Amino acid sequence: MSEHAVTEQQVLDALRAVIDPDLRRDIVSLGFVKDVKICDGNVAFKIELTTPACPVKDLMKSQAIQAVQQIPGVKSVNVEMTASVRSRQVGVEDLLPNVRHVIAVASGKGGVGKSTVSVNLAVALAQTGAKVGLLDADVYGPSVPLLMGTRETPHVVNDKIIPVERYGVQMMSLGFLLPDDQAVIWRGPMVAGTVRQLLTDVEWGEKDYLIVDLPPGTGDAPMTLSQSVPITGVVIVMTPQDVAFTIAAKSVAMFRKLEEGLGRPIPILGIIENMALFACPHCGEVTRIFSGGGGEQAAERLGVPLLGSIPLDPTISLSGDEGVPAIIAHPESAQAQAFRQIAQALAAQCSIHSMADHTLLRNIPLIWRS
Ligand SMILES: Nc1ncnc2c1ncn2[C@@H]1O[C@H](COP(=O)(O)OP(=O)(O)OP(=O)(O)O)[C@@H](O)[C@H]1O
Ligand SMILES: [Mg+2]
């Protein structure tokens with residue numbers, strides 16, 4: 001061994017300087033550094049993040065290279081960035097043990113853009129390389145087939161329904177199973193039964209993220225979903241008018257109540273403010289349309305993160321009608337950028353919640369009070 005033989009310990013010590021900005025801990029104690037190989041001063045290792053949707057992947061990589069280069073005797077540093085999505089807590093009764101994160105998209109009232117947000121976030125996450133499923137749990141008005149531009153009838157293999165795939169997302173909706181003009185008169189237990197079937201009778205397979213588009217309001221679907229699988233958390237979509245706060249608060253309150261009944265946490269992963277700003281299609285100028293504090297203030301009052309704001313844009317609506325999500329139809333637009341940024345923030349929240357010790361989290365006082 002030469003005088004400057006580099007050791008694995010030295011490499012790990014140096015890498016403790018690299019901090020994951022979401023988890024606020026160094027990548028060594030988080031267990032992200034894998035396969036350290038040292039050969040004659042040439043160092044190679046992997047950094048395995050908790051999501052492929054990490055916006056600061058490149059920054060962390062260059063920080064790691066810099067840190068290791070400072071060790072005397074190091075000639076070259078080779079870092080491979082990978083991702084392995086860590087699972088939510090898998091519970092006793094879990095109908096989807098191979099799905100790492102189940103994310104419910106909810107709102108207190110209809111028409112705020114839940115379905116639009118759900119499809120665009122699902123596609124944005126899939127574009128990062130994650131395995132993504134999309135479950136349309138809005139049995140009253142399934143809109144995923146329309147928004148994703150397909151009415152394909154799903155195949156059944158070994159008594160399981162195979163999800164329909166589009167834009168890299170595997171999805172299931174009652175809309176694929178019912179004829180166009182069929183009206184269903186729903187009774188409470190039927191909703192529960194149907195949502196449960198959409199979880200159990202569908203071959204969801206292995207997924208990093210399953211986005212669940214819930215019907216509006218506080219009904220049976222969120223209850224069945226959270227009883228059937230320990231969901232990673234809920235995202236609340238709201239519009240920025242003053243009244244919207246009360247509605248978002250109602251939604252949060254419902255999940256808090258469900259959580260009490262279940263005896264396990266249903267974290268609110270954050271708020272998404274939709275139709276907040278107007279980007280003029282002619283000059284590009286961005287204006288805030290409604291008065292009131294909007295999403296930022298709501299998030300603060302509810303004590304949850306604001307994941308991001310999506311501008312009001314007529315092309316979102318048009319792309320929806322044409323069955324091409326805005327993120328595919330106009331990938332460079334402000335709304336597509338907003339969806340990508342929100343997808344990253346959401347993935348970060350999933351990582352934070354799966355890494356955190358739930359008992360510790362429980363001890364953090366809730367800022368929100370009714
Ligand atoms: N940011 C936006 N800019 C412009 N139009 C939007 C935006 N977000 C949603 N829309 C439009 O608003 C309407 C309602 O959206 P969407 O169907 O996604 O809402 P929802 O909350 O799922 O409704 P529901 O409660 O009926 O399920 C749609 O026509 C959609 O295209
Ligand atoms: Mg909807």
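About the criteria used
- Residues numbered from 1 in each chain as written.
- Chains lettered and ligands numbered in written order.
- Predicted model: local features only at pLDDT ≥ 70, side-chain atom pairs only at ≥ 80, totals over all residues.
- Heavy atoms only, no water.
- Helix = DSSP H or I, 4+ residues; strand = E, 2+ residues; numbered from the N terminus.
- Rg over C-alpha atoms; globule rule 2.2 N^0.38 Å.
- Buried < 20%, exposed > 50% of the residue type's maximum accessible area, 1.4 Å probe, protein only.
- Contact = heavy atoms within 4.5 Å.
- Areas by Shrake-Rupley, 256 points an atom, 1.4 Å probe, with all protein chains shown as cover.
- Lys, Arg positive; Asp, Glu negative; His and termini not counted.
- Charge placed at Lys NZ, Arg CZ, Asp CG, Glu CD.
- Near = heavy atom within 4 Å.
- Polar contact = N/O pair within 3.5 Å; in protein donor to acceptor, adjacent residues only side chain to side chain.
- Pairing = 2+ DSSP bridges.
- Axes fitted to C-alpha atoms, helices over the stretch in contact; angles between N-to-C directions.
- Domains from an automatic or database assignment.
- Buried area = accessible area lost by both parts, 1.4 Å probe.
- Salt bridge = Lys/Arg side-chain N within 4 Å of Asp/Glu carboxyl O.
- Nonpolar A, V, L, I, M, F, W, Y, C, P; charged D, E, K, R; others polar.
- Right-handed = clockwise from strand over helix to strand, strands pointing away.

Looking now at the overall build of the protein chain. When you go through the protein chain residue by residue, the secondary structure sums to 13 helices and 16 strands. Taking 21 Å as the expected radius of gyration for a compact globule of 370 residues, we find that the protein chain reaches 22 Å, a close match to that expectation. Split into buried and exposed, the 370 residues of the protein chain put 49% on the buried side. Within the protein chain, contacts between residues at least 6 apart in sequence are counted, and of these 73% link residues at least 24 apart. As presented, the protein chain carries roughly 17000 Å² of accessible surface, and 52% of it is formed by carbon and sulfur atoms. Distance between charge centres in the protein chain, computed from 30 positive and 38 negative side chains, equals 4 Å.

What surrounds ligand 1 is a group of 17 residues, the closest being Gly111, Lys114, Ser115, Thr116 and Asn274. One of the side-chain nitrogen or oxygen atoms of serine 115 is found 2.8 Å away from an oxygen atom of ligand 1. Summarising the interface, the protein chains cover 77% of the accessible area of ligand 1, which totals 630 Å² for the free molecule. At the level of secondary structure, the elements contributing two or more residues to the shell around ligand 1 comprise α3 (114–127), β14 (268–279), β16 (306–312) and α10 (314–322).

Another point: the sheet that holds strand β4 (residues 42–49). The strand order across the open sheet formed by three strands is β3-β4-β5, and the pairing between neighbours is mixed. On the outer flanks of this sheet lie β3 (33–39) and β5 (76–83), each paired with one strand and no other. Each strand of the sheet is rotated relative to its neighbour by a mean of 10°, with strand direction disregarded. Along the sheet, helix α1 (residues 8–15) contacts β3 and β4; its crossing angle with β3, the most-contacted strand, is approximately 130°. Across the sheet, helix α2 (residues 57–69) lies against β4 and β5, angled at about 150° from β5, the strand it touches most.

For the rest of this paragraph, the subject is the domain arrangement of the protein chain. What the domain assignment lists for the protein chain is domain 1 (8–83) and domain 2 (99–362). For domain 1 and domain 2, the distance between their C-alpha centres works out to 34 Å. Taken together, the contact pairs nine residues of domain 1 with 11 residues of domain 2. Contact between domain 1 and domain 2 buries roughly 830 Å² in total, counting both sides, with carbon and sulfur atoms accounting for 69%. Contact with domain 2 buries area across many residues of domain 1, yet Asp22, Pro52 and Ala53 alone supply 48% of it, more than any other trio. Applying the counting criterion to the domain 1 and domain 2 interface returns zero salt bridges. One can count two residue pairs in polar contact (both at pLDDT 80 or more) joining domain 1 with domain 2. The residue inventory of the side of domain 1 that touches domain 2, partitioned by class, reads six nonpolar, two polar and one charged.

By the secondary structure assignment, phenylalanine 45 is in strand β4. Each C-alpha atom, one on phenylalanine 45 and one on valine 11, is 9.5 Å from the other, the two residues being 34 residues apart in sequence. Setting aside residues up to four positions removed in sequence, phenylalanine 45 forms contacts with Val11, Leu15, Val33, Lys34, Asp35, Val36, Ala64, Val68, Val77, Asn78, Val79 and Glu80.

This part takes up the pattern of salt bridges. A complete count under the given rule lists seven salt bridges for this structure. Between aspartate 35 and lysine 46 there is a salt bridge, with its nearest N and O atoms 3.2 Å apart. Placement of aspartate 35 in strand β3 and of lysine 46 in strand β4 is noted, with a sequence separation of 11 residues between them. Since its relative accessible area comes to 43%, aspartate 35 is described here as partly exposed. Among the residues examined, lysine 46 registers a relative accessible area of 27% and is labelled partly exposed. Of the charged contacts, one joins arginine 100 and aspartate 208 as a salt bridge, the two residues approaching to 2.6 Å between their closest N and O atoms. With arginine 100 in strand β6 (residues 99–106) and aspartate 208 in strand β12 (residues 207–213), this pair connects stretches of sequence that are 108 residues apart. For aspartate 208, a relative accessible area of 7% translates into the label buried. Three or more residues joined by partner-sharing salt bridges are found here, namely Arg100, Lys131, Glu206 and Asp208.

To continue, consider the pairing of β4. Where β3 meets β4, five bridges bridge the pair, whose relative direction is antiparallel. Looking across to β4, one finds that isoleucine 38 is bridged to valine 43. Count of turn residues in the β3/β4 antiparallel hairpin: two residues, of which aspartate 40 carries a positive phi of about 55°. Summarising the sheet, β4 and β5 pair through eight bridges and their orientation is parallel. Residue alanine 44 lies in a different strand from β5, and its bridge partner there is asparagine 78. Note on the crossover from β4 through α2 to β5: the handedness is right-handed.

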